[in-house]
Structures are given as C-alpha cells and as structure tokens.
Amino acid sequence: MPQGKETKTTDDVEVLQERVVQLERQVADLEAGFAMQATGGEKALLDALSEVRGRLSQVEKENYEFANMYVEIQEQNEAMANLYVASQRLHATFDLSEVKQIISEILAEMVGAEEFGLFIFDKSKKKLELLSGEGIQNRLPKNTFPTGEGVIGDVAATGEAFFFEPKSDSEVDVNLPLATLPMKLNDTTVGVVVIYKLLSHKKAFTPIDHQILELVAAHAASALISAKLHGAMDRRLKTIEGFMQLMKSR
Amino acid sequence: MSHKNLLVVDDSATTRMLICLTLKKEGVYNITEVANGQEAVDKLGAESVDCVLTDINMPQMNGLDLISYIRSSHSEPKVPIIIITTQGEEASRDEGLSKGADAYLTKPISGPKLVTLVKELLQDA
C-alpha cells in the first residue's frame with residue numbers, strides 16, 4: 001500500500017474509533033437519564049437488561065477461555081501424535097539400516113532438518129564416526145570427529161545438549177550446528193545427533209521439535225545399539241548353524 | 001455420514017503413519033497408504049478414492065507424474081489432490097499446482113491445517 005494511502009486509512013480508523021467512543025457515551029447518558037425517570041416496571045426492565053449484559057460479558061469471557069484451551073489441547077494432541085509416531089518408528093525394527101533410515105525420516109520430515117548427521121562414539125579411537133546423514137558431506141570430508149573438539153566434540157564429552165537459535169539473519173553462523181544432542185544409553189553418551197540447517201521454509205525450531213529431538217536423543221541410542229547387537233548375534237548364529245551343518249554332514 | 005476414501009502416497013513410512021494417525025482421529029475417513037506413485041496408480045485402478053495426498057520425491061513414479069496421470073485419466077468426478085512435501089520453494093509449489101494439485105502443504109505437517117484442508121476439499125468436491 002502506498003504511504004499516503006496508509007496514513008489516510010490510519011486517520012480514518014482513529015476518527016471512527018473516536019466516534020464509537022462518543023456514541024457509547026451518548027448511549028450511557030441516555031440510559032442513565034432514562035433510569036432516573038423510569039417508573040417501577042421500567043426499572044425492573046433496566047435491572048434485567050443490566051443482568052443480561054453482565055451474563056453476556058461472563059459468557060464472552062468463558063468463550064475466550066475455552067477457545068484458548070481448545071488451541072492448547074490441539075497443540076498437545078499434535079505433540080502427542082508426533083511423539084507417538086517417532087517412538088513407534090524408532091523401535092519398529094532391529095535392522096540397523098532401517099533404524100538409520102527411520103532416524104533420518106524423523107529428522108527430515110518431522111523436525112524439518114535439511115542438513116544433519118548421526119554420529120556414533122568410537123571409544124577405542126576416541127572419535128565420533130558418521131553413521132548416517134544428509135547434506136553434510138562437504139562439512140565433514142573425513143566422516144569422523146575427534147571428541148572434545150568443537151561443539152559436537154564438547155557435547156559428546158559432556159553429554160549436554162547444545163542449541164543455537166539465531167534470532168535474526170545477522171546472527172546466523174553457517175558453521176555452527178543449530179542443534180547438537182547427545183544420544184545416551186544409561187547416562188552414557190554413545191553418539192550425537194547434529195542438525196546444521198533447517199528446510200528453507202522453516203525458520204526455527206518449534207516447541208514440538210524440541211520434544212521430538214529430546215525423544216530421538218533418548219531413544220535413538222537404544223534403537224541403534226539394539227539393532228547393532230541383533231545384527232552381530234544374527235551373524236554369530238548363522239556361523240554356528242553353518243558349523244553345525246558341517247558337523248552333521250560328516 | 002459416509003466414510004470418505006483417502007489415498008496417502010509417501011515413501012516415508014514415518015510420514016504415512018503421522019498422516020494416517022492425524023486423519024483417522026476424525027473418524028470419517030478410510031485411509032489406504034502406498035509407498036510410491038506406481039502403487040497409487042494400481043490402487044486407483046482397483047478402488048474408489050475421494051482424495052489423494054501425495055509426496056513429490058518418490059521412487060518408481062514421483063508425485064508430479066502421479067498427478068499428471070490422475071488428471072489425464074480420471075476426468076469426472078475430479079479427485080482432490082494435496083501435495084505434502086519437504087520442498088518449500090515457490091517454483092516447486094507452482095509446478096505442483098500447475099500439474100493439477102488442489103493444495104500444497106510443506107513438511108513438517110501441521111495436523112490441524114491438514115485436517116481443515118482435507119475437510120474443505122472434500123466439501124467442495
């Protein structure tokens with residue numbers, strides 16, 4: 001809208017608001033005058049009118065409170081649906097590649113992450129190794145990260161989550177992850193979830209995103225370790241079965 | 001009120017589960033889910049569908065090809081199509097709508113927004 005037209009509209013609104021106040025005052029004066037001259041029956045009617053007005057304002061207030069409660073419940077419902085789906089999916093399989101795929105789906109499609117990685121802590125090498133990720137190949141050419149170095153290494157060492165949520169474009173630091181969360185199993189950090197960038201249409205994390213990320217941090221570790229152990233056990237079982245077959249055939 | 005048949009097309013089982021959970025709560029939809037455009041084409045040939053919710057990037061047949069197929073082969077009644085994708089760019093939106101989609105939503109999905117949109121489109125259809 002052109003500036004001149006905008007100023008004129010603002011002036012018009014002010015004039016109208018002033019007129020509404022004047023009219024309200026006139027109505028109140030008329031009612032007061034009428035009340036002073038009113039006879040018995042009219043006074044009763046005025047009292048009833050005043051009571052109805054009081055009740056109307058009470059109902060309006062209740063309506064407003066219910067509307068707020070409805071919005072709150074809707075948000076809680078949505079959060080619960082998201083958390084239910086995320087937890088169900090995380091523990092839906094013992095296949096390691098599927099678990100990695102599911103974590104990626106949760107981060108990309110439920111949180112809206114565009115560049116992210118999942119790192120597992122290798123105790124013997126004191127390094128974090130990239131297990132899976134999207135869009136971070138240029139950031140990590142070696143696919144490993146020493147613990148205790150940088151934000152990711154610090155989170156792995158301390159077990160404390162780190163969030164960087166810039167309030168404006170000028171605060172954005174493309175090298176700093178937006179979220180770095182430790183994946184813990186029995187209070188031991190076994191890996192780190194890192195989000196570098198959100199989808200272009202998503203400006204910041206929402207309260208539901210924080211809840212989903214907390215859930216991923218708490219459950220991804222057990223899902224990954226269970227899948228790894230299951231895979232190792234499956235391989236051993238196959239070896240033993242093969243050995244038994246060989247013994248039988250002799 | 002008769003139940004409407006919805007077809008959810010997405011290669012992410014996580015997203016399919018979330019969409020189904022969100023819409024099933026309404027209690028008025030029968031929901032079928034498939035993982036790509038080709039499976040959707042097979043379903044459309046076998047079952048009556050009142051509304052299609054599709055992702056864009058999928059293996060075998062993507063969402064845009066699916067929309068072109070639906071619009072060229074199912075002329076009447078016009079089935080409402082909603083795109084649900086991570087692609088938030090204006091060009092993607094324009095392309096999806098120009099192919100014949102009725103609405104374009106970006107992921108992460110907002111449950112209330114999705115429910116309202118499906119209701120609106122099914123009322124208009």
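Residues numbered from 1 in each chain as written. Chains lettered and ligands numbered in written order. Predicted model: local features only at pLDDT ≥ 70, side-chain atom pairs only at ≥ 80, totals over all residues. Heavy atoms only, no water.

Caption draft 1: A look at the confidence of the model for chain B. Counting all residues, the mean pLDDT for chain B is 93, and 97% of those residues have values of 70 or more. Listed scores for the predicted complex are pTM 0.80 and ipTM 0.89. (pLDDT = per-residue confidence, 0-100.)

Caption draft 2: Expanded view of the interface of chain B and chain A. Residue-level contacts link 21 residues of chain B with 21 residues of chain A. A combined buried area of about 1,600 Å² lies between chain B and chain A, and 62% of that area is made up of carbon and sulfur atoms. Our count for the contact surface shared by chain B and chain A stands at one salt bridge. Of the charged contacts in the structure, one is a salt bridge between K107 of chain B and E109 of chain A, with a shortest N-O distance of 2.7 Å. Elements with a contribution of two residues or more to the side of chain B that touches chain A: α1 (13–24) and α5 (111–124) of chain B. Per element, the largest residue contribution to the side of chain B that touches chain A is six residues, and it comes from α1 of chain B. Along the lines of polarity and charge, the residues of the side of chain B that touches chain A split into seven nonpolar, nine polar and five charged. (Contact = heavy atoms within 4.5 Å. Buried area = accessible area lost by both parts, 1.4 Å probe. Salt bridge = Lys/Arg side-chain N within 4 Å of Asp/Glu carboxyl O. Helix = DSSP H or I, 4+ residues; strand = E, 2+ residues; numbered from the N terminus. Nonpolar A, V, L, I, M, F, W, Y, C, P; charged D, E, K, R; others polar.)

Caption draft 3: Highlighting the side chain of E109 of chain A. In this fold, E109 of chain A is placed in helix α3 (residues 96–111). Aside from chain neighbours lying at most four places away, what touches E109 of chain A is D10, S12, T15, K107 and P108 of chain B.

Caption draft 4: Spotlight on the nonpolar core. Core analysis: the biggest nonpolar cluster contains 60 residues, and I195 of chain A together with L23, L53 and I82 of chain B have the highest contact counts within it. The residues contacting I195 of chain A, other than those within four sequence positions of it, are L107, V111, A113, E115, F116, P177, L178, A179, F205 and L213 of chain A. I56, M58, I70 and I83 of chain B belong to the second-largest nonpolar core, a separate cluster that totals 20 residues. (Core = buried A, V, L, I, M, F, W, Y, C linked by side-chain atoms within 4.5 Å. Buried < 20%, exposed > 50% of the residue type's maximum accessible area, 1.4 Å probe, protein only.)

Caption draft 5: How the structure looks around the sheet that holds strand β6 (residues 188–198) of chain A. All names here are of chain A. Taken in spatial order, the six strands line up as β3-β2-β1-β6-β5-β4 in an open sheet, and their pairing is antiparallel. Only two strands of the sheet have a single neighbouring strand rather than two, namely β3 (144–146) and β4 (162–163). Contacting β1 (113–122), β2 (127–134), β4, β5 (179–185) and β6, helix α5 (residues 207–249) runs over the sheet at an angle of about 45° to β5. (Pairing = 2+ DSSP bridges. Axes fitted to C-alpha atoms, helices over the stretch in contact; angles between N-to-C directions.)

Caption draft 6: Region of interest: the side chain of T14 of chain B. Inspection of the secondary structure puts T14 of chain B in helix α1. At a separation of 2.5 Å, a polar atom in the side chain of T14 of chain B contacts the side chain of E105 of chain A. The contacts of T14 of chain B, once residues within four sequence positions are left out, are V85, R89, I102, E105, I106 and M110 of chain A. (Polar contact = N/O pair within 3.5 Å; in protein donor to acceptor, adjacent residues only side chain to side chain.)

Caption draft 7: Fine view of the sheet that holds strand β1 (residues 4–9) of chain B. All names here are of chain B. The five strands are arranged β2-β1-β3-β4-β5 in an open sheet whose pairing can be described as parallel. Each edge of the open sheet carries a strand with a single partner, namely β2 (29–34) and β5 (103–106). Going across the sheet, the axis of each strand differs from the next one's by a mean of 20°, ignoring polarity. Sheet topology note: the strand β4 (residues 81–85)/β5 ladder contains four bridges and is parallel. Note that in β5 the partner of I84 across the bridge is L105. Taken strand by strand, α1 contacts β1, β2, β3 (51–54) and β4, and its axis lies near 175° from that of β2.

Caption draft 8: Highlighting the packing of helix α2 (residues 37–46) of chain B against helix α3 (residues 63–73) of chain B. Residues and elements named next belong to chain B. Packing of α2 against α3 brings their axes to within 9 Å, and their N-to-C directions diverge by 20°. As the angle between them shows, α2 and α3 are arranged roughly parallel. Considering how the two elements wind past one another, α2 and α3 form a crossing that is right-handed. Of α3, the residues touching α2 (which contributes G37, A40, V41 and L44) are L66, Y69 and I70. (Parallel < 35°, antiparallel > 145°, perpendicular 65-115°, else oblique. Left-handed = near helix turned anticlockwise from the far one by under 90°.)

Caption draft 9: Molecular detail of a nonpolar patch on the surface. A cluster of nonpolar side chains, namely F66, M69 and I73 of chain A, defines an oily patch on the protein surface of about 310 Å² accessible area. Within the element layout of this structure, F66 of chain A appears in helix α2 (residues 40–90). (Patch = residues over 30% accessible without salt bridge, like charges linked within 9 Å, V, L, I, M, F, W, Y side chains within 5 Å. Areas by Shrake-Rupley, 256 points an atom, 1.4 Å probe, with all protein chains shown as cover.)

Caption draft 10: Representation of the pattern of salt bridges in the model. Evaluated as defined, the whole model comprises 13 salt bridges over all chains. With a shortest N-O distance of 2.8 Å, E33 of chain B and R16 of chain B are connected by a salt bridge. Here R16 of chain B lies in helix α1 and E33 of chain B lies in strand β2, a separation of 17 residues in the sequence. Its salt-bridge partner being K43 of chain B, residue E47 of chain B comes within 3.5 Å of it at the nearest N-O pair. What you see here is one network of salt bridges that share partners, running through E109 of chain A together with D10, D55 and K107 of chain B.

Caption draft 11: Region of the structure containing the environment of M61 of chain B. Residues and elements named next belong to chain B. Position of M61 among the secondary structure elements: in the loop between β3 and α3. With 25 residues separating them in the primary sequence, M61 and N36 have C-alpha atoms 6.1 Å apart. When residues no more than four places from it in sequence are discounted, the contact partners of M61 are N36, G37, Q38, V41 and L66.

Caption draft 12: Main features of the confidence of the model for chain A. Across chain A, the average pLDDT comes to 88, with 97% of residues at or above 70. At the low end of the mean pLDDT range in chain A sits β3 of chain A, at 74; at the high end sits α3 of chain A, at 94.

Caption draft 13: Structural context of the pairing of β1 of chain B. Residue and element names in this part refer to chain B. Summarising the sheet, β1 and β2 pair through six bridges and their orientation is parallel. Looking at the pairing, K4 lines up with Y29 of β2. Between the parallel elements β1 and β2, the chain passes through α1 in a crossover that is right-handed. Relative to β3, β1 runs parallel, the two being bridged by four bridges. Counterpart to V9 in the pairing with β3 is T54. (Right-handed = clockwise from strand over helix to strand, strands pointing away.)

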